[in-house]
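Below are the chains, spelled out letter by letter.
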Amino acid sequence: TQLLEQSPQFLSIQEGENLTVYCNSSSVFSSLQWYRQEPGEGPVLLVTVVTGGEVKKLKRLTFQFGDARKDSSLHITAAQPGDTGLYLCAGDIERSGNTGKLIFGQGTTLQVKP
Amino acid sequence: DVKVTQSSRYLVKRTGEKVFLECVQDMDHENMFWYRQDPGLGLRLIYFSYDVKMKEKGDIPEGYSVSREKKERFSLILESASTNQTSMYLCASSLLGGPLYEQYFGPGTRLTVT
């Protein structure tokens, strides 16, 4: 089974704290995306990583793609209440036929308390 | 700005009714997807389409059908709605060619079947 496992599933922290969300698989991905979803809305694309070892920064968010392209992490520095939401990782399996279908992780629900 | 719209944000239907959910994208994307999202189960792919009049089953196609008569429009049909189809339905679109299969989501339709 092709799975993307995210951890932790739930995270409740105080404003100003740092956190890291992990996304792991036994499969190699051609690319991996991170999305954020607010309650009652659709997921919004945050970033795509493509190259093994790649690091991308989006303000206080840092995304890393593992060297072997099987895992990724999202680190948030000095979390703010506006960061609250569901974070999803998704990737397309290498040699999957290039259909554009993505495998989604189960998501990490983040709550940042003021 | 990329735009995916869904016909309704909230919908309440009775058991046995035929339900149409419509999705329109303005990005000239070849791929379009329908997912349902339920707590604890993540995003599950119902159907996807990579071209007009083309469709492929996803992971949970039972009880659903789709229609794609125009490139920009992808409809999800519940032939006879049942209570276990109460869920959040998300439409997404992406380019057919890689390497970045970034999906862009609509705001979702919260369907309740009573």
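A few points on the structure. (Residues numbered from 1 in each chain as written. Chains lettered and ligands numbered in written order. Predicted model: local features only at pLDDT ≥ 70, side-chain atom pairs only at ≥ 80, totals over all residues. Heavy atoms only, no water.)

### Remarks on the overall build of chain B
Next up, step 1: Looking only at helices and strands, chain B has zero helices and eleven strands in total.
Next up, step 2: Taken from the N to the C terminus, the helices and strands of chain B come in the order β-β-β-β-β-β-β-β-β-β-β.
Next up, step 3: At 13 Å, chain B has a C-alpha radius of gyration in line with the 13 Å of a compact globule built from 114 residues.
Next up, step 4: The C-alpha extent of chain B, read off along each of the three principal axes, is 40 × 30 × 25 Å.
Next up, step 5: Taking all 114 residues of chain B together, 49% fall into the buried category.
Next up, step 6: Long-range pairs, those at least 24 residues apart, make up 56% of the contacts in chain B between residues at least 6 apart in sequence.
Next up, step 7: When the accessible surface of chain B is summed, it comes to about 5500 Å², and 50% of that surface belongs to carbon and sulfur atoms. (Helix = DSSP H or I, 4+ residues; strand = E, 2+ residues; numbered from the N terminus. Rg over C-alpha atoms; globule rule 2.2 N^0.38 Å. Buried < 20%, exposed > 50% of the residue type's maximum accessible area, 1.4 Å probe, protein only. Contact = heavy atoms within 4.5 Å. Areas by Shrake-Rupley, 256 points an atom, 1.4 Å probe, with all protein chains shown as cover.)

### What about the side chain of A:Asp83?
Next up, step 1: Residue placement: A:Asp83 occurs in the loop between strand E8 (71-76) and strand E9 (85-93).
Next up, step 2: For A:Asp83, the contacting residues outside a window of four places in its chain are A:Arg36, A:Arg60, A:Ile76, A:Leu110 and A:Val112.

### Structural notes on the pattern of salt bridges
Next up, step 1: Using the criterion set out here, one finds nine salt bridges over all chains in the structure.
Next up, step 2: For the salt bridge of A:Arg60 with A:Asp83, the shortest nitrogen-to-oxygen distance reads 2.9 Å. Note that A:Arg60 is positioned in the loop between strand E6 (55-58) and strand E7 (61-65) and A:Asp83 in the loop between E8 and E9, a separation of 23 residues in sequence.
Next up, step 3: Among the residues examined, A:Arg60 registers a relative accessible area of 25% and is labelled partly exposed.
Next up, step 4: The partner of B:Glu79 in a salt bridge is B:Lys18, and the shortest N-O contact between them spans 3.6 Å. Pair noted here: B:Glu79 is in the loop between strand E8 (73-78) and strand E9 (87-94) and B:Lys18 is in the loop between strand E2 (10-13) and strand E3 (19-25), with a separation of 61 residues, a long-range link.
Next up, step 5: Classification of B:Glu79 as partly exposed rests on a relative accessible area of 41%.
Next up, step 6: B:Lys18 gets classed as partly exposed once you look at its relative accessible area, which sits at 45%.
Next up, step 7: One connected set of salt bridges, linked through shared partners, spans B:Arg36, B:Asp38 and B:Arg44. (Salt bridge = Lys/Arg side-chain N within 4 Å of Asp/Glu carboxyl O.)

### Brief notes about the packing of aromatic side chains
Next up, step 1: Applying the stated criterion across every chain yields a total of nine aromatic pairs over all chains.
Next up, step 2: By way of ring pairs, the aromatic residues A:Tyr35, A:Phe104, B:Phe33, B:Tyr35, B:Phe48 and B:Phe105 are connected into one cluster. (Phe/Tyr/Trp six-rings, centres within 6.5 Å; stacked < 30°, edge-to-face > 60°.)

### Brief notes about the interface of chain A and chain B
Next up, step 1: Counting residues at the interface gives 21 residues for chain A and 24 residues for chain B.
Next up, step 2: Where chain A touches chain B, the interface holds one salt bridge.
Next up, step 3: Here B:Arg9 makes a salt bridge to A:Glu41, at a shortest N to O gap of 3.1 Å.
Next up, step 4: Breaking the side of chain A that touches chain B down by element, the ones donating at least two residues are strand E4 (29-37), strand E5 (44-49) and E9 of chain A.
Next up, step 5: Here the element with the most residues in the side of chain A that touches chain B is E4(A); it accounts for four residues.
Next up, step 6: Considered class by class, the residues forming the side of chain A that touches chain B number eight nonpolar, ten polar and three charged. (Nonpolar A, V, L, I, M, F, W, Y, C, P; charged D, E, K, R; others polar.)

### Here's the deal with the nonpolar core
Residue and element names in this part refer to chain A.
Next up, step 1: By size, the foremost hydrophobic cluster in this structure holds 22 residues, and its most contacted members are Leu-19, Leu-32, Trp-34, Phe-63, Leu-74, Ile-76 and Leu-110.
Next up, step 2: Where this core is concerned, the elements lending two or more residues are strand E3 (19-24), E4, E5, E7, E8, E9 and strand E11 (108-113).
Next up, step 3: Apart from residues no more than four positions distant in its own chain, Leu-110 is found in contact with Leu-11, Ile-13, Leu-19, Ile-76, Asp-83, Thr-84, Gly-85 and Tyr-87. (Core = buried A, V, L, I, M, F, W, Y, C linked by side-chain atoms within 4.5 Å.)

### Concerning the sheet that holds strand E7 (residues 64-70) of chain B
All names here are of chain B.
Next up, step 1: The strand order across the open sheet built from four strands is E1-E3-E8-E7, with neighbouring strands paired in antiparallel fashion. Of all strands in the sheet, those with a lone pairing partner are strand E1 (4-6) and E7, marking the two edges. Direction aside, the axes of adjacent strands within the sheet are offset by 20° on average.
Next up, step 2: Sheet analysis places E1 next to E3, joined by three bridges and oriented antiparallel. Its bridge partner being in E3, Gln-6 is matched across the sheet by Cys-23. (Pairing = 2+ DSSP bridges. Axes fitted to C-alpha atoms, helices over the stretch in contact; angles between N-to-C directions.)

Just distances and angles here, no functional claims.
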